[in-house]
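Descriptive structure summary
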Amino acid sequence: MVVASVTPAQGRKVKKFVHQNVEIPSVEPRILCVETANTSLVLAVRENGALHQLHYGSSVPAAEFAGMKPVIGRYSSGILAYPATGGRYLGEPALHIQYADGNHNTELYYTGHKVENRQGVVSTCISLKDYVTGLEVNLVYDAYVQEDIILQHVEVANTGKTPLRLLNIASGALHLQADKYLLSHVNGAWAKEMQFESEALTHGIKVIESKRGTQTTQCENPAFLVSLNTQELQEESGEVIGGALAWSGNFRISFERGPEKHLSIIGGVSPFASAYPLAGGESFRTPDMVWTYSANGAGGVSRNLHRWALKYRLHNGDRINPTLLNSWEGAYFTFTTQTLTRMIDDAASMGLEMFVLDDGWFGNAFPRNGDNAGLGDWQVNSTKLPEGIDYVASYAHSKGLKFGIWIEPEMVNPDSELAHNHPEWVIQSQGREIYQERNQWVLDLANPAVQDFVFSIFDSVIKLSPSIDYVKWDCNRPIESAGSPYLGIEQDKLYIDYAQGLYKVMERIRAKYPSVLIQCCSSGGARVDYGQLQYFDEVWASDDTDGLERIFIQYGTSLWYPAAIMGSHVSTVPNHQSRNVTPLKFRFDVACQGRLGLELQPKYLSADEMKFVNRCVSSYKGYRDIVFTGDLYRLGSPYEGSFYGQMYVTPDKSRAVVYCYCLHFDVLGGEGVPFRLRGLDPSRKYKVVEQNVDSSCWWGNGQSFSGAFLSSGAFKPALPSLYSSAIFLLEAE
Ligand code: GLA
């Protein structure tokens, strides 16, 4: 809802830019409010047309802000809702433009706004203008009312005839007022994604960013939590603001704290090496910045984001993706048709629903027998698979399994026919070495011919068999020595055009193949963001399949992204990445937090292990709808103490699944570890049944208890040894 105090008076002139003789029409001051069920973002239009932000947080009666004076603070411009470099604003800009005459000044003034209501989403578009250059800017706020989510994006139009450069164009800015701010975000590396960190924000600017071009989330994710007035992250209480940028290229999110206890958050596409040109008449739309606020701690923020993502953002967010066996850790590059059909037989007998053929199936002139050759040559390798892909895929179907296949279409090995035929398609800086990583180069997706090629690869691979149901799309290196032979002197366009090129390809793929399942993989979790998730069904959260390591990776992922997207596999021991040895049950109990899969050679499992696998897969199928659609409640943090738990609860609170783990040996675990369950209806009785065991670790197993009892700390499963774990299914009577 928008509260408009009065309509603007037309034509009243209040100010002259003497140097340009430009007049700015005055407007009537008014309050604008972007509202969701429990939150308000309050903006004020001043008489001179400046747009200030007054509040973001819990719902407030917006009209009461009408008499509030602008907070001037550090800059005479006040707290601008979308600050641009220029005029009296001296802080971190959301918008920074350099005009053809070299000038860096932009001053934006309100010209009008529109509100549209579309089934649960209220969109407010506020138009601003720089009266000297004619630049027009639309700030768009899409309020997802029930989910308490606001998406912000910006459209900039160069209405003049001369070109300009976008030195920075953030998707959104948000200003907070509190005594203390705690920033939480994730950091990492290959096989160590999403490691959680928190820090108190002091004065100055803190930035989280990526300059990797591709694989932009391998180290930092474009997502954060800011907790107000606390020194530690609270799971179920306290005010927390969550943000996530929906962009798969370089990003930058800054947190600037000023002396007036004010915090400005600005997030968007990274300005790094990207002084993006905008010719006269052209416009630019930023990606979406996703904002949310909850008074119920980090858990509240996660649940808002998850509910919004499942309903509005994920491709096929209402689908339950199949359990699977992936060939990678079980076969790597070494297999024949018989290896695969045997794995398919085993997958069927374990009750799995899909077989995914990973890397190694392609390349003839340069066979893909290792990661050093063949990328780019997407023809079936006739030595390994003389019967072809259709034979294997149809075999899977004949056993009742779906079939999936791996591709990495943005990349090329120097040892490939593609690299020989199209050296001009490779990202490179003229006259410099084209560095290899994992023996490969990146294709220049800024080039429309490369976009066509990448689309054609997907298209032709799908056509290898009518039985292909799933594609694992990989991307195994960042951009180095950035350069596009296609862009000529406009190299500043590369990073942005690459990411947009990828989206253009995905648009075409989704237009033609709306229901093919596509996994977004990037050396594991190097592309987990809400930009990708418009097109992909799920992500491969990490190449690290060690159960213990996965607890932390999945915890970090869960802060912003729902369990439904999280590919999570049981692999062999010693683990191929960490060499760690954990019990098979622990590995299952961790993998069952997300979309369950196996990634091992089943023929090496003993008969007892096979039986156990069957039992776990079958029990998972009985509760996975709760994993895919339920609300997540984290029971503590894996970074604190010896024990960790989490649970999912169906929206109607009739069913829940609870996971409990011992991560460090603790002698007290044998006596029973108190977990205070969350999200249950206190007055309903739930039957509690432990999964995949003959004798339970909790005395109350098989009995019914009220939600109140289960949430009181009386639920105390015994977790006596390192890697003890348990899964309980709760069903209301
Ligand atoms: C990446 C992926 C793995 C696997 C290999 C294949 O590392 O993350 O899951 O697909 O590539 O080369």
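A few words on the packing of aromatic side chains. Here a ring pair, both rings aromatic, is described through the centre-centre distance and the interplanar angle of the planes. Tallying each qualifying case throughout the model produces 41 aromatic pairs. With 4.9 Å between their ring centres and 15 degrees between their planes, F705 and F709 make a pair best called stacked. For F705, a relative accessible area of 9% translates into the label buried. Take F709: its relative accessible area is 27%, and that puts it in the partly exposed class. Every member of this aromatic cluster is reached through a ring pair, and the members are W698, W699, F705, F709, F715 and F728. Sitting over the ring of F272, K211 keeps its end group 5.4 Å from the ring centre.

A few words on the domain arrangement of the protein chain. Annotation of the protein chain at the domain level lists domain 1 (82-302), domain 2 (324-629) and domain 3 (634-732). For domain 2 and domain 3, the distance between their C-alpha centroids amounts to 34 Å. Each side of the interface is counted separately: domain 2 has 27 residues, and domain 3 has 29 residues. Taking both partners together, domain 2 and domain 3 bury about 2400 Å²; carbon and sulfur atoms supply 60% of that area. Joining domain 2 to domain 3, the criterion identifies two salt bridges. Between D625 and R655 there is a salt bridge, with the nearest N and O atoms lying 2.6 Å from each other. For the side of domain 2 that touches domain 3, the secondary-structure elements that each account for two or more residues are α8 (547-558), α9 (584-591) and α10 (607-629). Top contributing element to the side of domain 2 that touches domain 3 by residue count: α10, with ten residues.

Across the protein chain, the average pLDDT comes to 96, with 97% of residues at or above 70. The model gives residues 1-12 a pLDDT under 50, and that stretch makes 33 contacts with residues more than four places away or in other chains.

In space, the six strands of this open sheet follow the order β32-β33-β34-β37-β35-β36, with antiparallel pairing throughout. A single partner strand is all that each edge strand has here, and the edge strands are β32 (631-635) and β36 (704-706). Strand-to-strand twist in this sheet, taken as the mean axis angle between neighbours without regard to direction, amounts to 25 degrees. As defined by bridge partners, strand β35 (residues 685-690) adjoins strand β37 (residues 725-732) across five bridges and the pair is classed as antiparallel. By the bridge assignment, K687 is partnered in β37 with E731.

Calculation notes
Along every chain, residues carry numbers that run from 1 in the direction the sequence is written. Two thresholds apply to this predicted model, a pLDDT of at least 70 for residue-level local features and 80 or more for giving and counting side-chain atom pairs, whereas whole-chain, interface and lining totals are computed over all residues. Hydrogens and water molecules were not included; the side-chain quantities draw on all heavy atoms of the structure. Pairing of aromatic rings covers Phe, Tyr and Trp, the last through its six-membered ring, and needs centres within 6.5 Å; plane angles under 30 degrees mean stacked, over 60 mean edge-to-face, and all others mean tilted. For each residue, the accessible area found with a 1.4 Å probe, counting protein chains only, is set against the maximum for its type, and the residue is called buried under 20%, exposed over 50%, and partly exposed in between. We call a charge positioned above a ring when the Lys NZ or Arg CZ atom is no farther than 6 Å from the ring centre and deviates by at most 35 degrees from the ring normal. Each domain span listed reflects an automatic or database assignment of domains. In this analysis, two residues are considered to be in contact whenever any of their non-hydrogen atoms come within 4.5 Å of each other. By definition, the buried area sums, over both parts, the 1.4 Å-probe accessible area that each loses when the two are put together. In the sections that follow, a salt bridge refers to a side-chain nitrogen of Lys or Arg positioned within 4 Å of a carboxyl oxygen of Asp or Glu. For helices the rule is a DSSP run of H or I covering at least 4 residues; for strands it is a run of E covering at least 2, with both sets numbered from the N terminus onward. Within a predicted model, pLDDT stands for the predictor's per-residue confidence, ranging from 0 to 100. For two strands to count as paired, DSSP must find a minimum of two bridges between them. Each axis is a line fitted through C-alpha atoms, taken for helices only over the stretch in contact, and angles between the N-to-C directions span 0 to 180 degrees.

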